[in-house]
Amino acid sequence: MNESLRIGVIGCGDIAATRHIPALSACSDVRLAALCDADLQRARHLAEQYQVPIATADYRELLQNESLDAVVICTPPWVTPHLTMESLQAGKHVLCEKPMAVDVNTAEKVRETERATGYKVQVGFTYRHGPLLETLREWIKQGKLGSPLVYRLGIFDESWDPTGNPEHYDRIYRTMQHGSPSIHDGAHVADFLQFLAESPVTAVESFGIRTRTEFPTTNYDLSVIRFENGDIAKVEIGWFLPKFPKGEFEIVGPKGIAIFDRFDQYVQLKTGEITETVKLEEDWAASCFSIQLGKFIASIRTNTPCVPGVDEGIGSLALTKAIEKSLRER
Ligand SMILES: NC(=O)c1ccc[n+]([C@@H]2O[C@H](COP(=O)([O-])OP(=O)(O)OC[C@H]3O[C@@H](n4cnc5c(N)ncnc54)[C@H](O)[C@@H]3O)[C@@H](O)[C@H]2O)c1
């Protein structure tokens, strides 16, 4: 397989248009060969913009295309696992968006299908890739913060603007019908924790509020998570508020503190003796998408497992489902 990999995209909504398709089209090792969206206009519009030869509303038509090596699946997470399984059965490798499913049983069926077909799945935990998270992990592994650690993580996204941006309101409302923000944005945070703490979860306590009665779930969740190694995480995920706090990412230990500032794109370690900073010059999010794609391609070319793969996808989902269970018990 020395030629460029031929890749198709299923689901040409927001994240495909703003991140995946630009990353695919900028990659010299990829031929962006086909686009599919249930809304044909979306696929056609992007196909024209990126000179992609095939645009279709029927994902089965795309999967029947034998010349495609792989697909990137950017559909809502209650649709994604079914398309992932059909893609694997059609002989395509899959890079699927997070969360890989909205329930663990379905995610496990994806794992069975991956094993049965021999094609690969990478899960789109985009922001674990790149030097910032890797540096944090190295500092932790080298014991620079000591242990046990307290992770303080917050993601506040998707502001509430039903009249100014009704399309966005409908999309996020629909998403909340399939789980609170902890299931959706929480998928990234749960992956950060499995990437950094590398220890099984032993307890989860979550509390949530619903700031408007019409919301289908809580829209601001606060969780405390305990790990077998003694670490603790405090996680806040909030959607659908008119204004948000910044959303911290800090790790506090007996020897010092590490900070990840995703807006100013740096990580910093501060102990009694030293301050160490690693700053990224290029756009952090764009570089994470490009590194993610590079790793997916490398796994296909070298026939090695994708990381993060289905096991990490299920690990993240198990934690966010434990958060959801705790929210329901309140
Ligand atoms: N990695 C990240 O940083 C990141 C960021 C945002 C969203 N996401 C994830 O990406 C996924 C998509 O999110 P989005 O914001 O782009 O949503 P979106 O609603 O804007 O896009 C989804 C698209 O999928 C299409 N679609 C749905 N079912 C289909 C089917 N059966 N066949 C073909 N097309 C179909 C829809 O028409 C829509 O255009 C979600 O799982 C979300 O959690 C990831």
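Thresholds, definitions, all that
- Residues numbered from 1 in each chain as written.
- Predicted model: local features only at pLDDT ≥ 70, side-chain atom pairs only at ≥ 80, totals over all residues.
- Heavy atoms only, no water.
- Salt bridge = Lys/Arg side-chain N within 4 Å of Asp/Glu carboxyl O.
- Helix = DSSP H or I, 4+ residues; strand = E, 2+ residues; numbered from the N terminus.
- Buried < 20%, exposed > 50% of the residue type's maximum accessible area, 1.4 Å probe, protein only.
- Domains from an automatic or database assignment.
- Contact = heavy atoms within 4.5 Å.
- Buried area = accessible area lost by both parts, 1.4 Å probe.
- Polar contact = N/O pair within 3.5 Å; in protein donor to acceptor, adjacent residues only side chain to side chain.
- Near = heavy atom within 4 Å.
- Nonpolar A, V, L, I, M, F, W, Y, C, P; charged D, E, K, R; others polar.
- Pairing = 2+ DSSP bridges.
- Axes fitted to C-alpha atoms, helices over the stretch in contact; angles between N-to-C directions.
- Disulfide = S-S within 2.5 Å.
- Arc of directions from axis to C-beta.

Going by an unreviewed UniProt entry, the protein carries the name Gfo/Idh/MocA family oxidoreductase and comes from Paenibacillus contaminans.

Peer 1: Help me out: how do you make sense of the pattern of salt bridges in this one?
Peer 2: Under the defined criterion, the tally for this structure stands at 21 salt bridges. A salt bridge links Arg111 to Glu108; the nearest nitrogen and oxygen atoms lie 3.9 Å apart. Of this pair, Arg111 and Glu108 both sit in helix H5 (residues 104–117), 3 residues apart, which is roughly one turn of the helix. For Glu276, the salt bridge identified is with Lys144, shortest N-O distance 3.4 Å. Here Glu276 is found in strand S14 (residues 275–279), whereas its partner Lys144 is found in the loop between helix H6 (131–141) and strand S7 (150–156), with 132 residues between them in sequence. In this structure Lys144 comes out as partly exposed when scored by relative accessible area, which is 26%. Salt bridges linked by common partners bring Arg152, Lys234, Glu236, Glu248 and Glu250 together as one network.

Peer 1: When you look at the domain arrangement of the protein in this model, what are you seeing that I'm missing?
Peer 2: Often the size quoted for an interface is simply the accessible area lost on bringing the parts together. When cut into domains, the protein gives domain 1 (5–126 + 287–309) and domain 2 (128–280 + 317–329). Each of domain 1 and domain 2 was reduced to a C-alpha centroid, and the two centroids are 26 Å apart. Taken residue by residue, the interface counts 22 residues in domain 1 and 21 residues in domain 2. Summing both sides of the interface, domain 1 and domain 2 together bury roughly 1600 Å²; the carbon and sulfur share of this comes to 65%. Among the residues domain 1 hides against domain 2, the three largest losses belong to Trp78, Val102 and Phe125. Together they make up 35% of the total. Put simply, domain 1 and domain 2 have 1 salt bridge between them. Among the ionic pairs, Lys295 bridges to Glu134, the shortest N-O distance being 3.7 Å. Applying the counting criterion to the domain 1 and domain 2 interface returns 6 residue pairs in polar contact (both at pLDDT 80 or more). The greatest single-element share of the side of domain 1 that touches domain 2, amounting to 5 residues, is contributed by helix H10 (residues 284–302).

Peer 1: Looking at this structure, I do not really get the site of the ligand. What am I missing?
Peer 2: Surveying the vicinity of the ligand reveals 23 residues, the closest of which are Asp14, Ile15, Asp37, Arg42 and Tyr127. Between the ligand and Ile15, the relevant distance is 2.9 Å, taken from an oxygen atom to a main-chain nitrogen or oxygen of the residue. Each residue belonging to the shell around the ligand can be placed in one class, and the counts come to 11 nonpolar, 6 polar and 6 charged.

Peer 1: Looking at this structure, I do not really get the sheet that holds strand S5 (residues 93–97). What am I missing?
Peer 2: Pairing between sheet strands relies on hydrogen bonds along the backbone, with the strands arranged either parallel or antiparallel. Strand order across the open sheet formed by 6 strands is S3-S2-S1-S4-S5-S6, with parallel pairing between neighbours. Because the sheet does not close on itself, it has two edges, and the strands there are strand S3 (54–56) and strand S6 (121–124). The average angle at which neighbouring strand axes cross in this sheet is 20°, direction not considered. Here strand S1 (residues 5–10) pairs with strand S2 (residues 30–36) via 6 bridges, running parallel. By the bridge assignment for S2, Val9 is matched with Leu35. The strands touched by helix H2 (residues 40–50) are S2 and S3; relative to S3, the strand with the most contacts, the crossing angle is about 165°. The strands touched by helix H4 (residues 80–89) within the sheet are S1, strand S4 (70–73), S5 and S6, with S5 carrying the most contacts at an inclination of about 170°.

Peer 1: Quick question: what am I supposed to make of the state of the cysteines here?
Peer 2: Put plainly, two cysteines are in a disulfide when a covalent bond ties their sulfur atoms together. Taken as a whole, this structure holds 0 disulfides when the rule is applied. In this model Cys12 remains outside any disulfide bridge; the closest cysteine sulfur is found in Cys36, 6.9 Å from its own. A relative accessible area of 3% means that Cys12 is categorised as buried. Between Cys27, a cysteine without a disulfide, and Cys306, which holds the nearest cysteine sulfur, the sulfur-to-sulfur distance is 14 Å.

Peer 1: Looking at this model, I keep getting lost on the sheet that holds S7. Mind explaining?
Peer 2: Strand order in this open sheet of 8 strands is S8-S9-S10-S7-S11-S12-S13-S14, and the pairing throughout is mixed. At either end of the open sheet lies a strand with only one pairing partner, and these are strand S8 (201–209) and S14. Taking the axes of each pair of neighbouring strands and ignoring which way they run, one obtains an average angle of 10° across the sheet. For S8 and strand S9 (residues 220–227), the ladder comprises 8 bridges, and the chain directions are antiparallel. Within the sheet, the bridge partner assigned to Gly208 lies in S9 and is Asp221.

Peer 1: Is there a simple way to explain helix H7 (residues 166–176) in this structure?
Peer 2: Residue pairs spaced three or four apart in an α-helix point in one direction, given the helix's 3.6 residues per turn. Within H7, burial applies to His168, Tyr169, Ile172, Thr175 and Met176. Viewed end-on, H7 has its buried residues packed into an arc of 130°, placing them on one side of the element.

Peer 1: Got a minute to help me understand the side chain of Gln265 in this structure?
Peer 2: Relative to the assigned elements, Gln265 resides in the loop between strand S12 (256–261) and strand S13 (266–271). At a separation of 2.9 Å, a polar atom in the side chain of Gln265 contacts the main-chain carbonyl oxygen of Glu282. A distance of 2.7 Å separates a polar atom in the side chain of Gln265 from the backbone nitrogen of Trp284. Not counting chain neighbours up to four residues away, the residues in contact with Gln265 comprise Leu132, Val278, Lys279, Leu280, Glu281, Glu282, Asp283 and Trp284.

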